[in-house]
Amino acid sequence: MPVGDFRNKHLDLKINSRRLHERINALAEVSPIEGGGNCRLALTDEDKDGRDLVVAWMRELDLEVTIDAIGNIIGTWNVGSGQSVMSGSHIDTVRTGGRFDGCYGVLAALEAIETCKDANVIPPRPLAVGIFTDEEGARFAPDMLGSLVYVGGMSTEQALDVVAIDGAKLGDELVRIGYAGPTPCPGAVPHAFVELHIEQGPMLEANDVRIGAVTSVQGISWQEVTIHGQSNHAGTTPMSLRHDPAYVAAEITVFLRNLAKDLGGDQVCTVGKIDLHPNLTNVVPARATLTLDVRNTDEKLLKIAESKIKDFLAQIAISEGVEIKTRELARFEPVVFDDRVIDLVEEIAKEQNNSVQRMPSGAGHDAQMLARVCPAGMIFVPSVKGISHNAAEFTEEADLNAGANILLHTMLALTTLDSTDK
Ligand code: HGY
Ligand code: MN
Ligand code: MN
C-alpha cells in the first residue's frame, strides 16, 4: 500500500482531548513544583512515581509493556504484523521543568492508540509508545541517554556506570527504583518513529504558526570544566597574588556569551551550572566546576566554537596560574530527519487546516537517536513566550489537540510507509 493508504480510510478519526488533558494534568500531579511544573530528575523516586503511573495506563490499554536494561519502557499494541510504528518521548524533567516537555509526546501517543482501539481501527502494523530513560541528561549526562542506548549508540555497560551530579551510579538507581528491565539493548528497530513535542522556543509563536514540521536537530556539545586554583583568605590575600577559580569561571562565562555573539546565526552557549569549593564567603575558592552547553545547527561552526573555547581555556590557565581540566559530557552532531516523515507531517497538518512551517529543533530529542536506525521525524506545537525548562512552560489546549491529531494520523500513515522507497 502506498504511504498513507491505510490512513486515508480513517480521515475523520480524532483524539479524545478531554482524556488527553486529564492524563497530562494527572502526570503533572506527580512531584509538582510551584508555578505548575514538575521536578522528576531521572531515576529518582519522583521519576519512578511518574513511570508507575504511565505504565499503569499502558496496562489498562492491554499494551505489551517491556522494560529494557537501561529502563526504557515500551508499550506495544500488538496488531497487524512486522516492525512497529513507534512514537513517544520522555517523562523525566529538569529540576524546574514544565508539565509538557516530553510528557505531552508520551501521553499523546498513548491517546492515539486508545483512539484507534475505541474506534476499532486496527492498523496493519503494531503501534508502540516509548518512554526513554534520562532524556534530559540533567542528573546523568549525556542527554537522550536512554534512546542513545536503545539504538546502540552507547553500550549498556557504559551507561550503567554513568555517575550522577549527586554521586549516584545510574545502574544502582535503576535497580533501586525497580526499572532495571530484562529486555536487552539495543532495542527492536521500529518501522518508523515520530515524536510530538512542544517547541520550547519562540519561533512558532513569533510567526503565528500552529505546527512545526521539524527538519533537523542542532548539534550539541556539553563539557564539564574544572578549575583548580589557590584557596586563600579573602581578607589577607592581595589581588595580585590570587589564583582565583571563581574569577576564571566568570571570565569563561563572559567569553561564551561573546563567542555566541561573534559567531552569530544559530550559535548558542550556556553556562548552566557552577559549583565552588569550599563555597564560603571569606575563602578565595580552591576549585570551580562549571558546565558548558554549546550548540549550532552547523557542525563546522560548532567545531570552530569548541576550538576557540579550548584556546581560551589554555590561555587563561596560564594568565591566572590555575589548572584547568575538561571532561566531555555529551557530543551529538546535527541530525536531519527523513524527508518522507517531514512531508507527511506537513501534509497532514495542512489537511487538518493548521498553519505549518518547516523548522530545526534547538533542543535535543529522542527522535534524533531513533533517526539513526529508522525513518524518523517530529511535530512541534507552540510554546507560549517560547518558555521551557521553567515551570511557566505553557501551550494552548487547542494547539495541544491539533498536535495530537496530527500525531495520530502520522502514525497511521507510517504504518504503510514503504521502507524500500528511500
Ligand atoms: O538538552 C536538551 O536539549 C533536552 O532538553 N534534553
Ligand atoms: Mn523534551
Ligand atoms: Mn527538556
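Given the structure is predicted, the values throughout are model-derived calculations rather than measurements. (Residues numbered from 1 in each chain as written. Chains lettered and ligands numbered in written order. Predicted model: local features only at pLDDT ≥ 70, side-chain atom pairs only at ≥ 80, totals over all residues. Heavy atoms only, no water.)

### Some details on the coordination of the manganese ion (ligand 3)
- Protein-derived coordination of the manganese ion (ligand 3) comes from Asp101 (OD), Glu136 (OE), Glu136 (OE) and His389 (NE2), at a distance range of 2.2 to 2.6 Å.
- One chain supplies every donor to the manganese ion (ligand 3), and in sequence these donors are spaced D-x34-E-x252-H.
- You can call aspartate 101 buried: its relative accessible area is 6%. (Donors = N, O, S within 2.8 Å, 3.2 Å for Na, K, Ca; no water. Buried < 20%, exposed > 50% of the residue type's maximum accessible area, 1.4 Å probe, protein only.)

### Observations regarding the coordination of the manganese ion (ligand 2)
- Protein ligation of the manganese ion (ligand 2) involves His90 (NE2), Asp101 (OD) and His197 (NE2), the donor distances falling in the range 2.1 to 2.3 Å.
- Written as a sequence motif, the donor arrangement for the manganese ion (ligand 2) is H-x10-D-x95-H.
- Taken as a pair, the manganese ion (ligand 2) and the manganese ion (ligand 3) show a spacing of 3.5 Å, with aspartate 101 coordinating each metal. A residue pair is termed long-range when its members are at least 10 positions apart, and histidine 90 in the loop between strand E5 (85-89) and helix H3 (103-118) and aspartate 101 in the loop between E5 and H3 qualify at 11 residues. When sorted by exposure, histidine 90 lands in the same class as aspartate 101, which is buried. (Helix = DSSP H or I, 4+ residues; strand = E, 2+ residues; numbered from the N terminus.)

### Quick look at H3
- Between its terminal C-alpha atoms H3 stretches 22 Å, which fits the 22 Å expected from 16 residues at 1.5 Å a residue.
- Most of H3 is tucked away: 14 of the 16 residues are buried.
- Positive backbone phi, at 55 degrees, marks asparagine 120, one or two positions downstream of H3. (Expected span 1.5 Å × (residues − 1).)

### Description of the sheet that holds strand E11 (residues 268-277)
- Spatially, four strands are ordered E11-E13-E9-E14 in an open sheet, and the strand pairing comes out antiparallel. In this open sheet, the two strands that pair with only one neighbour each are E11 and strand E14 (323-332). This sheet shows a mean twist of 15 degrees between the axes of neighbouring strands, independent of strand direction.
- Relative to strand E13 (residues 287-296), E11 runs antiparallel, the two being bridged by nine bridges. Note on E13: the bridge partner recorded for valine 268 is arginine 295.
- Taken strand by strand, helix H9 (residues 299-320) contacts strand E9 (219-228), E13 and E14, and its axis lies near 165 degrees from that of E14. (Pairing = 2+ DSSP bridges. Axes fitted to C-alpha atoms, helices over the stretch in contact; angles between N-to-C directions. Contact = heavy atoms within 4.5 Å.)

### Things to note about the domain arrangement of the protein
- Assigned domains of the protein: these are domain 1 (5-216 + 334-414) and domain 2 (219-332).
- The C-alpha centroid of domain 2 is placed 33 Å from the C-alpha centroid of domain 1.
- Listed by partner, the interface residues are 16 residues for domain 1 and 12 residues for domain 2.
- Taken together, the two surfaces of domain 1 and domain 2 that pack against each other cover about 900 Å², and 68% of this comes from carbon and sulfur.
- At the boundary of domain 1 and domain 2, one finds zero salt bridges. (Domains from an automatic or database assignment. Buried area = accessible area lost by both parts, 1.4 Å probe. Salt bridge = Lys/Arg side-chain N within 4 Å of Asp/Glu carboxyl O.)

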